[in-house]
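Residues per chain, in single letters:
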Amino acid sequence: MMLDNTDPYEPELGAAEWREQAGDEQKVNKTGTTTIGIATDEGVLIATDRRASLGGRFVSNKQVVKVEEIHPTAAMTLVGSVGGAQSFIKSLRAEVNLYETRRGQDMSIEALATLAGNFARGGPFFAINPILGGVDEDGSHVYSIDPAGGVMKDDYTVTGSGMMVAYGLLEGEWHEDIEMDEARRLAARAVQSAAERDTGSGNGLVLCEVTEEGVDITEYDGFPDENEL
């Protein structure tokens, strides 16, 4: 059964009563992190490190997978507080599933980005700054979502504490005709470079390829050689 309301930007779920975040920020698990999204003609490549820390001073986990599928052809990174990022992705995935069940079609990536921005702006998702990468009938898309709900689309983007180092490498080597294989190697080098200088990044690599066929996530315990990617 199709609904009369076809506005893809309106949340499917009822309004929630958000409560204020409280507590010592130094005790909050954070991903610290370096996350990268690159759009290509073949799809989107997302890369992240695997470290979580307490207040940026103590490594609390070395095996975090900071990217999750939230749509049949879209994925999102976890950046900021671990609890806030996990709650954000669960809420967004619930909206996507409900939309697709009620309307019988996939949500567009532009609509998904707008919904993510609305959630970030109006919810209790403490200190998040994720990347959304997805593919639909209009092509490949990469968005960054800031903590205030701002949504920015770009050919490539970086978020997290290692962004300055990673951006330097991407700015020098990205080009308009980049293909998925080259994007994979470039993103892996950028994450590894950030991990050399940023205390919030490190302990391995996660690569996520998003194409019209779906989402494929690969985990590495360390930083592999380029011929292993």
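From a predicted model like this one, the values you see are computed outputs, not experimental measurements.

Some words on the overall build of the chain
Part 1 of the reasoning: Of regular secondary structure, the chain possesses four helices and 13 strands.
Part 2 of the reasoning: For the chain, the residues scored as buried account for 46% of the 229 residues in total.
Part 3 of the reasoning: Counted over contacts in the chain with a minimum sequence separation of 6, partners at least 24 positions apart contribute 66%.
Part 4 of the reasoning: Accessible surface for the chain amounts to roughly 11400 Å². Of this, 44% is attributable to carbon and sulfur atoms.

Notes on the sheet that holds strand S10 (residues 151–153)
Part 1 of the reasoning: If you trace the five strands from one edge of the open sheet to the other, you get S6-S7-S8-S9-S10, paired in antiparallel fashion. One side of each edge strand has no neighbouring strand; the edge strands of this open sheet are strand S6 (67–71) and S10. Taken pair by pair, the neighbouring strands of this sheet meet at an average axis angle of 25°, ignoring direction.
Part 2 of the reasoning: By the bridge criterion, three bridges tie strand S9 (residues 139–145) to S10 in an arrangement that is antiparallel. Considered in S10, the bridge of Ser144 is made with Met152.
Part 3 of the reasoning: Its contacts with the sheet put helix H1 (residues 82–103) on S6 and strand S7 (74–77), and the angle it makes with S6 is roughly 25°.

Looking at the packing of aromatic side chains
Part 1 of the reasoning: Evaluation of the coordinates by the stated rule reveals two aromatic pairs.
Part 2 of the reasoning: With centroids separated by 5.1 Å and ring planes inclined at 40°, the aromatic side chains of Tyr156 and Trp174 adopt a geometry described as tilted. Of the two residues, Tyr156 sits in strand S11 (residues 156–159) while Trp174 sits in the loop between helix H3 (163–173) and helix H4 (180–197), which places them 18 residues apart along the sequence.
Part 3 of the reasoning: In this structure an aromatic cluster arises from ring pairing among Tyr156, Tyr167 and Trp174.

A word on a negative patch on the surface
Part 1 of the reasoning: A grouping of Asp41, Glu42, Asp154, Asp155, Glu171, Glu176, Asp177 and Glu179 is seen on the molecular surface, where their side chains present a negatively charged patch.
Part 2 of the reasoning: Looking at where Asp154 falls in the secondary structure, it is placed in the loop between S10 and S11.

Comments concerning the pattern of salt bridges
Part 1 of the reasoning: Applying the stated criterion across every chain yields a total of eight salt bridges.
Part 2 of the reasoning: Ionic pairing is found between Asp49 and Lys66, a salt bridge with its closest N-O pair at 2.9 Å. Of this pair, Asp49 sits in the loop between strand S3 (44–48) and strand S4 (52–54) while Lys66 sits in the loop between strand S5 (58–61) and S6, and the two are 17 residues apart along the sequence. Of the two residues, Asp49 and Lys66, neither departs from the other in class, the shared state being buried.
Part 3 of the reasoning: The residue Arg184 makes a salt bridge to Glu209 at a minimum N-O spacing of 2.3 Å. In this pair, Arg184 is assigned in helix H4 and Glu209 in strand S12 (residues 205–211), connecting sequence segments 25 residues apart.
Part 4 of the reasoning: Note on Arg184: relative accessible area 13%, which makes it buried.
Part 5 of the reasoning: Of the residues examined, Glu209 reaches a relative accessible area of 22% and is grouped as partly exposed.
Part 6 of the reasoning: Overlapping salt bridges, with partners in common, bring together Arg50, Glu219 and Asp221 in one network.

Looking at the sheet that holds strand S13 (residues 214–220)
Part 1 of the reasoning: With antiparallel pairing, the five strands of this open sheet are ordered in space as S11-S2-S3-S12-S13. Of all the strands in the sheet, just S11 and S13 have a single pairing partner and so form its edges. Here the average twist between neighbouring strands, direction ignored, is 10°.
Part 2 of the reasoning: Judged from the seven bridges that link them, S12 and S13 form a sheet pairing that is antiparallel.

Observations concerning the packing of H1 against helix H2 (residues 109–122)
Part 1 of the reasoning: Closest axis-to-axis distance for the H1/H2 pair is 11 Å, and the angle between their directions is 135°. One finds that H1 runs oblique with respect to H2. The chirality of how H1 crosses H2 is right-handed. Of H2, the residues touching H1 (which contributes Phe88, Ser91, Leu92, Glu95 and Val96) are Leu112, Leu115, Ala116, Phe119 and Ala120.
Part 2 of the reasoning: Looking at the contact of H1 with H2, its residues break down into eight nonpolar, one polar and one charged.

Here we look at the nonpolar core
Part 1 of the reasoning: Of all hydrophobic cores here, the largest spans 23 residues; its most connected members are Ile70, Met76, Phe88, Leu92, Met107, Leu112 and Leu132.
Part 2 of the reasoning: Breaking this core down by element, the ones donating at least two residues are S7, H1, H2 and S9.
Part 3 of the reasoning: Among the elements that make up this core, the one with the highest residue count is H2 (eight residues).
Part 4 of the reasoning: With near-sequence residues (within four places) excluded, Leu112 lies in contact with Ile70, His71, Ala74, Leu92, Val96, Met107 and Leu132.

Conventions we followed
- Residues numbered from 1 in each chain as written.
- Predicted model: local features only at pLDDT ≥ 70, side-chain atom pairs only at ≥ 80, totals over all residues.
- Heavy atoms only, no water.
- Helix = DSSP H or I, 4+ residues; strand = E, 2+ residues; numbered from the N terminus.
- Buried < 20%, exposed > 50% of the residue type's maximum accessible area, 1.4 Å probe, protein only.
- Contact = heavy atoms within 4.5 Å.
- Areas by Shrake-Rupley, 256 points an atom, 1.4 Å probe, with all protein chains shown as cover.
- Pairing = 2+ DSSP bridges.
- Axes fitted to C-alpha atoms, helices over the stretch in contact; angles between N-to-C directions.
- Phe/Tyr/Trp six-rings, centres within 6.5 Å; stacked < 30°, edge-to-face > 60°.
- Patch = residues over 30% accessible without salt bridge, like charges linked within 9 Å, V, L, I, M, F, W, Y side chains within 5 Å.
- Salt bridge = Lys/Arg side-chain N within 4 Å of Asp/Glu carboxyl O.
- Lys, Arg positive; Asp, Glu negative; His and termini not counted.
- Charge placed at Lys NZ, Arg CZ, Asp CG, Glu CD.
- Parallel < 35°, antiparallel > 145°, perpendicular 65-115°, else oblique.
- Left-handed = near helix turned anticlockwise from the far one by under 90°.
- Nonpolar A, V, L, I, M, F, W, Y, C, P; charged D, E, K, R; others polar.
- Core = buried A, V, L, I, M, F, W, Y, C linked by side-chain atoms within 4.5 Å.

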